[in-house]
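In case you want the letters, here they are:
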Amino acid sequence: MSYVAPAIKDKFETLSVDLKNAILERDVQLYTIHDLINVLEKIVNEADEPATAR
């Protein structure tokens, strides 16, 4: 189950609903802004991969 720490909840809430859902589906623990950035980078990198590489 994913967790978003109160310290970064405000930043998390500024994201689109689709992006928040994509993050929460990953079962991540977000304690710092760096945790959030890392997950966002992974999502971007996966979106940039060719479909055959997935």
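Computed from a predicted structure; not experimentally measured.

## Some words on the packing of aromatic side chains
Here comes step 1: For the structure shown, the criterion picks out 1 aromatic pair.
Here comes step 2: Ring centres of Tyr3 and Tyr31 lie 5.3 Å apart, and the angle between their planes is 45°; on these two criteria the pair is classed as tilted. Separated by 28 residues along the polypeptide, Tyr3 in strand β1 (residues 3–4) and Tyr31 in the loop between β2 (29–30) and α3 (33–48) bring together distant segments of the chain.
Here comes step 3: Residue classification places Tyr3 among the partly exposed positions, given a relative accessible area of 34%.
Here comes step 4: Classification of Tyr31 as partly exposed rests on a relative accessible area of 47%.

## Overview of the pattern of salt bridges
Here comes step 1: Applying the stated criterion across every chain, the model contains 3 salt bridges.
Here comes step 2: In this structure, Lys9 engages Glu13 in a salt bridge whose closest nitrogen and oxygen atoms are separated by 4.0 Å. Taken as a pair, Lys9 and Glu13 lie in helix α1 (residues 9–13) at a separation of 4 residues, close to a single helical turn.
Here comes step 3: Two residues, Arg26 and Glu46, come together in a salt bridge whose shortest N-O distance is 2.5 Å. In this pair, Arg26 is assigned in the loop between α2 (17–24) and β2 and Glu46 in helix α3, connecting sequence segments 20 residues apart.
Here comes step 4: Judged by its relative accessible area of 31%, Arg26 falls in the partly exposed class.
Here comes step 5: Classification of Glu46 by relative accessible area gives partly exposed; the value is 35%.
Here comes step 6: What emerges from the salt-bridge pattern is a single network uniting Lys9, Glu13 and Lys20.

About the cut-offs
- Residues numbered from 1 in each chain as written.
- Predicted model: local features only at pLDDT ≥ 70, side-chain atom pairs only at ≥ 80, totals over all residues.
- Heavy atoms only, no water.
- Phe/Tyr/Trp six-rings, centres within 6.5 Å; stacked < 30°, edge-to-face > 60°.
- Helix = DSSP H or I, 4+ residues; strand = E, 2+ residues; numbered from the N terminus.
- Buried < 20%, exposed > 50% of the residue type's maximum accessible area, 1.4 Å probe, protein only.
- Salt bridge = Lys/Arg side-chain N within 4 Å of Asp/Glu carboxyl O.

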